[in-house]
Amino acid sequence: MEARTSASRPDRQAAGRGEARGREQQPPAADSRSTETAGPAHEEPANPRAEAARAALPPVVDELLHRFTTAGLFLTLVGASVRQALEGAVGHELDFVTDADARRVRQILHGWGDEVRIRRDDAPGVVNLRKQGDGGIYTLRINARPAPSHHRPPGSRRAAHEKALEAYLRRRDFTIDAMALGLSHATLTDPFGGLQDLERRVLRTPRAPAASIVNDPPLMLRVVRCAARLGCEPVPELRDAMSAMARRVTQVPAEQVREELTALLLATEPATGLRLLVDTGLAEHVLPELPALRFESAGHHRHKDIYEHTLTVLDQAIALETEGPDLTLRWAALLHDIGTPRTRRTGRNGQVSFHHHEVVGAKMARKRLRVLACPEQLIEDVVRLVELHLRFHGYLDQKWTDPAVRRYVRDAGPLLDRLHKLIRADCTTRDRRKAHALARAYDSLEERIERLAVEDARQAARPDLDGHQIMEILGIRPGAELGRAYEYLRNLHIEEGPMDFETARDALLEWRARRDR
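Below, the discussion takes up the overall build of the protein. Along its length, the protein carries 25 helices and 12 strands. Relative to all contacts within the protein whose residues are 6 or more apart in sequence, the contacts with residues 24 or more apart total 68%. Summed over all atoms, the accessible surface of the protein reaches about 25300 Å², with 49% contributed by carbon and sulfur.

Here we come to the nonpolar core. If you look at the biggest cluster of nonpolar residues, it comprises 118 residues, and the most contacted ones within it are Phe96, Leu140 and Trp331. Counting residues in hydrophobic clusters, the runner-up holds 15 residues, among them Leu474, Ala485, Leu489 and Trp511.

What follows deals with the pattern of salt bridges. Enumeration according to the criterion identifies 34 salt bridges in this entry. Arg370 is the salt-bridge partner of Glu376, the closest N and O atoms lying 3.0 Å from each other. Look at Glu376 and you get partly exposed, because its relative accessible area is 41%. Classification of Arg370 as partly exposed rests on a relative accessible area of 46%. Note that Arg410 and Asp411 form a salt bridge whose closest N and O atoms lie 3.3 Å from each other. A single network of salt bridges, built from pairs that share partners, joins Asp197, Arg200, Arg204 and Glu237.

Turning next to the packing of aromatic side chains. Scanning the entire structure with this criterion turns up 2 aromatic pairs. Measuring from centroid to centroid gives 5.4 Å for Trp400 and Tyr408, while their planes differ by 55°, and the two rings are tilted. Both residues of the pair, Trp400 and Tyr408, count as buried. Consider the rings of Tyr488 and Trp511, whose centres lie 5.5 Å apart with planes at 15°: the pair is stacked. Separated by 23 residues along the polypeptide, Tyr488 in helix α24 (residues 480-496) and Trp511 in helix α25 (residues 501-516) bring together distant segments of the chain. By the burial criterion, Tyr488 is buried, and Trp511 matches it.

Contact geometry for helix α15 (residues 327-335) and helix α18 (residues 376-388): axes closest at 9 Å, N-to-C directions at 45°. Judged by the inter-axis angle, α15 sits oblique to α18. Considering how the two elements wind past one another, α15 and α18 form a crossing that is right-handed. Judged by residue contacts, Leu327, Thr328, Trp331, Ala332 and Leu335 of α15 engage Leu378, Asp381, Val382, Leu385 and Val386 from α18. When grouped by side-chain class, the residues that make up the contact of α15 with α18 number 8 nonpolar, 1 polar and 1 charged.

Attention now moves to the side chain of Thr205. Structurally, Thr205 is set in the loop between β9 (202-203) and α8 (209-215). We classify Thr205 as buried; its relative accessible area is 2%. Polar contacts involving the side chain of Thr205 include one to the main-chain carbonyl oxygen of Arg207, which spans 2.6 Å.

Before going further, it helps to spend a moment on the pairing of strand β2 (residues 75-78). Along β2, one buried face is formed by Leu75 and Leu77 and the opposite face, lined by Thr76 and Val78, is buried too. Two elements, β2 and strand β3 (residues 93-98), share 4 bridges in a ladder whose sense is antiparallel. Following the sheet pairing, Val78 is matched in β3 by Asp95. Both β2 and strand β7 (residues 180-182) contribute to a ladder of 3 bridges, which runs antiparallel. Residue pairing across strands places Val78 opposite Ala180, the latter belonging to β7.

The geometry of helix α3 (residues 59-70) relative to helix α5 (residues 102-109) is characterised by a closest axis approach of 10 Å and an angle of 120° between their N-to-C directions. By the angle between their axes, α3 is oblique relative to α5. Both α3 and α5 take part in a crossing whose hand is right-handed. Side by side, α3 and α5 meet where Leu64, Arg67 and Phe68 of the first sit next to Val105, Ile108 and Leu109 of the second. Class assignment of the residues belonging to the contact of α3 with α5 gives a composition of 5 nonpolar, no polar and 1 charged.

Attention now moves to the state of the cysteines. Applying the stated criterion across every chain, the model contains 0 disulfides. Cys232 supplies the cysteine sulfur nearest to Cys226, a cysteine that is in no disulfide, at a spacing of 8.1 Å.

Within helix α20 (residues 402-412), burial applies to Pro403, Ala404, Val405, Arg406, Tyr408, Asp411 and Ala412. Phi turns positive one or two residues past the end of α20, at Gly413, with a value near 55°.

What follows is about the confidence of the model for the protein. On average, the protein scores 83 in pLDDT, and the residues at 70 or more come to 82%. Across residues 1-46 the pLDDT falls below 50, and counting only partners more than four positions away or on other chains, this stretch makes 81 contacts in the model. Every residue in residues 297-304 is under pLDDT 50, and counting partners more than four places away or in other chains gives 23 contacts.

Our focus in this paragraph is α18. Taking 1.5 Å of rise per residue, 13 residues should cover 18 Å, and α18 covers 18 Å from first to last C-alpha, within 8% of that figure. Inspection of α18 places Leu378, Ile379, Asp381, Val382, Val383, Leu385, Val386 and Leu388 among the buried residues, and these make up the whole buried set. Considering only its buried residues, α18 is in contact with α15, α17 (357-371), α20 and α21 (416-425).

Residue placement: Glu358 occurs in helix α17. Lacking a salt bridge, the buried Glu358 has Arg391 as its closest oppositely charged neighbour, with an N-O distance of 7.7 Å. The residues touching Glu358, leaving out its near neighbours within four places in the chain, are Val386, Glu387, His389 and Leu390.

You can see Ile306 is positioned in helix α14 (residues 306-319). Sequence separation of Ile306 and Arg294 is 12 residues, and the distance between their C-alpha atoms is 6.4 Å.

Okay, the environment of Glu237 next. Tracing the chain through its elements places Glu237 in helix α10 (residues 236-244). Separated by 29 residues in the primary sequence, Glu237 and Ala208 have C-alpha atoms spaced 8.8 Å apart. Within the structure, the side chain of Glu237 is placed 3.1 Å from the side chain of Arg204, a separation counted as a polar contact.

Quick notes on the rules
- Residues numbered from 1 in each chain as written.
- Predicted model: local features only at pLDDT ≥ 70, side-chain atom pairs only at ≥ 80, totals over all residues.
- Heavy atoms only, no water.
- Helix = DSSP H or I, 4+ residues; strand = E, 2+ residues; numbered from the N terminus.
- Contact = heavy atoms within 4.5 Å.
- Areas by Shrake-Rupley, 256 points an atom, 1.4 Å probe, with all protein chains shown as cover.
- Core = buried A, V, L, I, M, F, W, Y, C linked by side-chain atoms within 4.5 Å.
- Buried < 20%, exposed > 50% of the residue type's maximum accessible area, 1.4 Å probe, protein only.
- Salt bridge = Lys/Arg side-chain N within 4 Å of Asp/Glu carboxyl O.
- Phe/Tyr/Trp six-rings, centres within 6.5 Å; stacked < 30°, edge-to-face > 60°.
- Axes fitted to C-alpha atoms, helices over the stretch in contact; angles between N-to-C directions.
- Parallel < 35°, antiparallel > 145°, perpendicular 65-115°, else oblique.
- Left-handed = near helix turned anticlockwise from the far one by under 90°.
- Nonpolar A, V, L, I, M, F, W, Y, C, P; charged D, E, K, R; others polar.
- Polar contact = N/O pair within 3.5 Å; in protein donor to acceptor, adjacent residues only side chain to side chain.
- Pairing = 2+ DSSP bridges.
- Disulfide = S-S within 2.5 Å.
- pLDDT = per-residue confidence, 0-100.
- Expected span 1.5 Å × (residues − 1).
- Lys, Arg positive; Asp, Glu negative; His and termini not counted.

Written as structure tokens, this is what we have:
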């Protein structure tokens, strides 16, 4: 089926390294091998890579392998697990292929794995189990072959295993995940040149890109997601096929689109994937508000078009995260200016304005996130952040009173910390003096917020008038009316801050007058 690399021949290791250097000096053209059939496997340039990948696997793999080899069966690590092992970053989800059927696999795992389950794919059965190991809880997926309809000669078992292995690898999305690692002898099976693609950081499909997309339209979204997560660039023929067939993404259910966009936004470099989403035309069908931002503008974003500004804000918001990826903040950064195309106006002096684009953008954000079937709380939080992201400019234009600062904090509510980060990220000016001035202004606002919070917390336990004063002013006795008056003054204090006696008395009398009307 394909060539393997063994870890036991020093002379072949040296030859492999020499061949690899030659290949690196002259990388193959994009169409140098067939994408429909498995071309000649690349002899992995340094067998120590296979050994190192094998050594990187957790002890739970050795335990699993022992159970299969004791039963006289093959067990091979496959898919993304191999790529992760080659890069020294093995995750907690591992995939294997074996030559046993699902029933036999379950027998082997009986009493060893937790939550052993079996599901049926369009090919063989897949047995899933969870197992506690030294590094935590692992999810192990064993791809079993179908039970043979007749007795197979012993000599055909390896051939059958290799055939099943080839079929499994051919079904992978990308060549970098279409490799297999032999566990007993540390051999690497690489029928589609995945190792070389991994070194070049490119995404290539084992089959012809167009055929892959026709059979599996969501593949285009996975290309975008993996480009952002792995830092890999799709090869030209794959990118071209995505552009030519972008409309097919409309066949993907909204929930699946949402999951892919969520994974994209939570990736290490989401801007990389978003650019690919726009450049291939996919965004026109799943997130049209983003490519609509690609126009030159003046005024608030005169330094660059709003599309580039948006991606920069996203990057800067990510840099401000303190507790891991924040999906709400990232969505807000991506959508905060989507109202600008609809509110763009050019004045008589040629000045471009986007008045109230935050209000229009909030409505557009709600509509888009609902189309994507996002959770309602996420929608409400993102919409609120988009609505409020320009409020700070009022602080710059005029000196806010303490009540105005309190209203700002009240309106942001539990989103205040995210709003801080979004507003700071929204500063993308290249004018350093202006950037420093904006940062200092927001520093002062945050300091005032903290100071008022301390003062208000100190006074929040009681209103500005005590019970005796309230009864004397209103001429009432202890009872329900006193309780309502007390609560009114307490809420007024939280809203407006401390008041002197005369101001509090007048407010109380005005409150009773309104109630008596």
